[in-house]
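Per-entry structural report
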Amino acid sequence: MTQRASELSGERRGAPGRGLTAAEVAERISRGEVNDVPVRSSRSLTEIVRANVFTRFNLIIGVLWVIMLAVAPIQDSLFGFVIIANTGIGIVQEWRAKKTLDSLAVVGESRPVVRRDGEAAEIHTSEIVLGDLVELGPGDKVVVDGTVAEADGLEVDESLLTGEADPVIKKTGDTVMSGSFVVAGGGAFTATKVGREAYAAQLAEEASRFTLVRSELRSGISTILKYITWMMVPTATALVISQLVVKEHNFKDSVARTVGGIVPMIPEGLVLLTSVAFAIGVVRLGRKQCLVQELPAIEGLARVDVVCLDKTGTLTEGGMDVTELRALGGAGEPRLRRVLGAFGASEPRPNASLQAIIDAFPAPADGAWTTTGTLPFSSARKYSGAAFTEDDGTSSAWLLGAPDVLLSEDDPALTEVGQLNEQGLRVLLLARARGGLDAPDAAEGAEPAALVVLEQRLRPDAGRTLAYFGEQRVATKVISGDNAVSVGAVAAKLGMEGAEHPQDARRLPADRDEMATAMEQNAVFGRVTPQQKREMVAALQSRGHTVAMTGDGVNDVLALKDADIGVSMGSGSEATRAVAQIVLLNNSFATLPSVVAEGRRVIGNITRVATLFLTKTVYSVLLAVLVVCFQVEYPFLPRHLTLLSTLTIGVPAFFLALAPNKERAHPNFVRRVMRYAIPSGVICAAATFVMYLIARHHYSGTGALDAETSAATLTLFLVSMWVLAIIARPYTWWRICLVAAMGLAFLVVLAVPWLQDFFALKLVGTQMPWTAVGIAVVASVALEYVWRLVGRRFGG
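Reference entry: report on the structure contained in this document.

Cut-offs used in this document
- Residues numbered from 1 in each chain as written.
- Predicted model: local features only at pLDDT ≥ 70, side-chain atom pairs only at ≥ 80, totals over all residues.
- Heavy atoms only, no water.
- Axes fitted to C-alpha atoms, helices over the stretch in contact; angles between N-to-C directions.
- Helix = DSSP H or I, 4+ residues; strand = E, 2+ residues; numbered from the N terminus.
- Parallel < 35°, antiparallel > 145°, perpendicular 65-115°, else oblique.
- Contact = heavy atoms within 4.5 Å.
- Nonpolar A, V, L, I, M, F, W, Y, C, P; charged D, E, K, R; others polar.
- Phe/Tyr/Trp six-rings, centres within 6.5 Å; stacked < 30°, edge-to-face > 60°.
- Buried < 20%, exposed > 50% of the residue type's maximum accessible area, 1.4 Å probe, protein only.
- Pairing = 2+ DSSP bridges.
- Right-handed = clockwise from strand over helix to strand, strands pointing away.
- Disulfide = S-S within 2.5 Å.
- 1 Å grid on protein atoms, 1.4 Å probe; cavity = no way out; pocket = protein on both sides within 12 Å on 5 of 7 lines; lining within 4 Å.
- Points joined across faces, edges and corners; volume = space filled by probe spheres on them.
- Left-handed = near helix turned anticlockwise from the far one by under 90°.
- Polar contact = N/O pair within 3.5 Å; in protein donor to acceptor, adjacent residues only side chain to side chain.
- Core = buried A, V, L, I, M, F, W, Y, C linked by side-chain atoms within 4.5 Å.

Looking at the packing of helix 22 (residues 592-630) against helix 23 (residues 638-658)
- Where helix 22 contacts helix 23, the axes come no closer than 8 Å and their chain directions differ by 170°. By the criterion of interaxial angle, the relationship of helix 22 to helix 23 is roughly antiparallel. Contacts from Arg 601, Asn 605, Ile 606, Val 609, Leu 612, Phe 613 and Lys 616 of helix 22 reach helix 23 at Ser 645, Thr 648, Ile 649, Ala 653, Leu 656, Ala 657 and Leu 658.
- Here the contact of helix 22 with helix 23 is composed, by residue class, of nine nonpolar, three polar and two charged.

Describing the packing of aromatic side chains
- Within the structure shown, the criterion is met by eleven aromatic pairs.
- Ring plane angle 65° and centroid distance 5.4 Å describe the contact between Tyr 227 and Trp 230, whose orientation is recorded as edge-to-face. Note that Tyr 227 and Trp 230 are positioned in helix 8 (residues 216-246) at a spacing of three residues, about one turn of the helix.
- According to the relative accessible area criterion, Trp 230 is exposed, its value standing at 54%.
- Pairing Phe 689 with Tyr 692 gives two aromatic rings, centres 6.2 Å apart and planes at 55°, and the pair type is tilted. Here Phe 689 and its partner Tyr 692 are both found in helix 24 (residues 669-698), three residues apart, which amounts to about one turn of the helix.

Digging into the pairing of strand 19 (residues 547-551)
- Burial within strand 19 is extensive, with five of its five residues counted as buried.
- Of the two faces of strand 19, both are covered, the one formed by Val 547, Met 549 and Gly 551 as well as the one formed by Ala 548 and Thr 550.
- Alignment of strand 9 (residues 306-309) against strand 19, held across four bridges, turns out to be parallel. Among the inter-strand pairings, Leu 309 is bridged to a residue of strand 19, identified as Thr 550.
- Bridge analysis of strand 19 against strand 20 (residues 565-569) gives four bridges, and the strand direction is parallel. Across the sheet, residue Gly 551 finds its bridge partner in strand 20, namely Ser 568.
- Handedness of the crossover joining strand 19 and strand 20 through helix 20 (residues 557-562): right-handed.

Brief notes about the state of the cysteines
- With the rule as written, the count across this model stands at zero disulfides.
- Among the cysteines around Cys 684, which has no disulfide bond, Cys 629 carries the closest sulfur, lying 19 Å off.

Structural notes on empty space enclosed by the protein
- All chains considered together, the criterion is met by two cavities of 30 Å³ or more.
- Its volume calculated, the largest cavity comes out at about 50 Å³.
- Taken together, Leu 612, Thr 615, Lys 616, Tyr 619, Thr 648, Ile 649, Ser 720 and Val 723 form the lining of the largest cavity.
- Where the lining of the largest cavity is concerned, the elements lending two or more residues are helix 22, helix 23 and helix 25 (704-727).
- Residue contributions to the lining of the largest cavity peak at four residues, all from helix 22.
- Of the residues assigned to the lining of the largest cavity, the class counts are four nonpolar, three polar and one charged.

A closer look at the packing of helix 4 (residues 56-71) against helix 9 (residues 251-262)
- Interhelical geometry of helix 4 versus helix 9 gives an angle of 150° and a closest axis separation of 10 Å. Of the possible angle classes, the one that applies to helix 4 and helix 9 is roughly antiparallel. For the pair helix 4 and helix 9, the sense of crossing is left-handed. Two secondary-structure elements touch here, helix 4 through Leu 64, Ile 67, Met 68 and Val 71 and helix 9 through Lys 252, Val 255, Ala 256, Val 259 and Ile 262.
- When the residues that make up the contact of helix 4 with helix 9 are grouped by side-chain class, the tally is eight nonpolar, no polar and one charged.

Regarding the side chain of Asn 35
- Within the element layout of this structure, Asn 35 appears in the loop between helix 2 (22-30) and helix 3 (45-53).
- The exposure class of Asn 35 is buried, given its relative accessible area of 5%.
- At 3.1 Å, the side chain of Asn 35 and the backbone oxygen of Thr 125 are in polar contact.

A few points about the nonpolar core
- Counting residues in hydrophobic clusters, the biggest one holds 133 residues, and the most contacted among them are Leu 301, Ile 582, Phe 589 and Phe 746.
- Excluding its chain neighbours within four sequence positions, the residues that come into contact with Leu 301 are Ala 548, Ile 565, Ile 582, Leu 592, Val 595 and Val 596.
- By size, the runner-up hydrophobic cluster in this structure holds 27 residues, among which are Val 306, Ala 505, Phe 525 and Ala 575.

Description of unusual backbone geometry
- Cis rather than trans, the peptide bond between Arg 729 and Pro 730 has omega equal to -5°.
- You can see Pro 730 is positioned in the loop between helix 25 and helix 26 (733-751).
- Even without glycine at this site, Asp 117 takes up a positive phi of about 55°.
- In this structure, Gln 289 takes a positive phi of about 60° despite not being glycine.
- With respect to the helices and strands, the residue Gln 289 is situated in the loop between helix 10 (268-287) and strand 8 (290-292).
- Judged by its relative accessible area of 32%, Gln 289 falls in the partly exposed class.

Digging into the sheet that holds strand 19
- Read across the sheet, eight strands follow the order 8-21-20-19-9-16-18-17 without closing on themselves; strand pairing throughout is mixed. Each of the sheet's edge strands pairs with one partner strand only, and the pair in question is strand 8 and strand 17 (503-504).
- Docked against the sheet, helix 17 (residues 484-493) engages strand 16 (475-479), strand 17 and strand 18 (524-526), running at close to 145° with respect to strand 18.

Here it is as structure tokens:
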């Protein structure tokens, strides 16, 4: 590749700056020298099918299903068909999520500008070929490795690769690596490594995949399943021995009851519903033009308790308008207009402030002013510069930037600036530099010439969004590079609490603990440098806060990367979109509440559903242990538990997992679930087994086992229904209807003769059925007491 790069460098010397010709591009494509890294936003269909089909529990259930098909009626094999349906639902839902992500990823992907035949054009990253001349501007991501061919004050941040926070000044001939991004200036580079040979190609591929990693929910469920596996092996082994060796009844019936004891130990639908809930969340957010680049971001934002906002592009729209030009020091307005017009014309890729100046002040007539040097804007220094040969032949150098940075603290003009800032206006100072722009102290002794007053356009939905976070007890912090007073005035207009006390970040303590205290006590910060934004996020995290950071500019990249959740606007720089977990393609800050709500729905509902599934696992394991200890037949056939699982867990869990849920997310998923599932499972198992033993003493003769099973099934159903009734709270009309429908369905099974035969359920006499109801009532009272006790002791 190095030799090829040298050859290309030689080929380009005849036409500097024009890039490759169409023929040269075609030749490289034919040689396969294309940036063909397959950047995927989601798993392939094969991976989706494999992940849903080839699971540990599907294997166990599959083996048991084959056994049941061989030795028992089809009714006892229903659990296998349920697993097939569950797997199919999981595949379909994740495929829908994949298609949504893929379509959004195409909309949100970066499109670098390359120069070919002397013309600049946007292309897909995958269309870059070896030797392409790729243009760079502020906020652009370096998409492939290359050598700088043109540089105009080019400064590149390589912190994502090297960890060094300071930007690196790049000159012609220097190397740039994929994964870095431009913080100031512009230029172009020649691609020397493309495809998988580029430095950060593999990192980029992994970073943009649909992923389920770093999720407390997923890792918690995996931990639970691991413990269940450990419990299942000895319990199932003892049950097999008990039913096949100790008890002397029909072999096939023994096998059926053994399988009936093992299958319900497996929470087979829990993983499915978690995946479905996440996948449907992706689809729902996709409809709102929200690209979730990392799936756990939905969950993570629901746990966030502090949101750090960049003012520009988040609270305000990107565009600005010049409302006033105030001359300082006797400078004439016509000359100032010419200076500002020339200043705007000197920058090929203006930011929002300079674009407003370009719109207000047209450039001088062609050839009247000649640009002889430029100093690109940098978020760190807060100003930019340009040098000219004016129309009368004189030379001058000018600076445009933050007044409180360019002026001394005692300058009288700052009083005027402060008054404007208090009105929420943005103010830039135009000053004449005394020395050259390349001097390290270019701003030293600059002579103020004019104040340029800009009005920012507030986002109409920003106030409602801030109010939403306030209602949800999520703290909001505005962190901006602009003047603190101006930022505070903007935040105050939006009704933000704490906006009346803006803090200048230059006066914040450097100590992390002291900075964290300042961050917790205040809400608005101005004159924040990119490195400070990163330190502020770290300070909040050091106090145990889960921090989300929003932004759209290159100065937000480091903080976005370090935050627990990074949120970028779709119109933001390529660098911010690359490191963010969530991209708001519609550029609407108002979409964030939808993401928070979706995350809370997923976490809250999966916690409810997990409690249902794990209650069943606990009582199944305990029943198996009790059967082994008391040396009795296992009370259920697979068909009984399939019916109970469907009515008390499967169907209601599906609706509960997808229902609205605004409950704030809490940490420690495993502990929260098991606090309720273990006592609930113990009560269910105890009530059922007590009823089973009573029925064994009551019934005798032919059909006694079926009668005992029916009485035990009624008890377990009623107690499980009460667990469902507790989990369905707070009640709404549809939740009440859901619980009632499940109870009615069970009554239909008991009342319709052919369903009685199909499920082998027939209540004999009146004494035992009413005894079952009585035991279930006592167990339900115990459940209420335990749930309230756990809620009081551990906070719900």
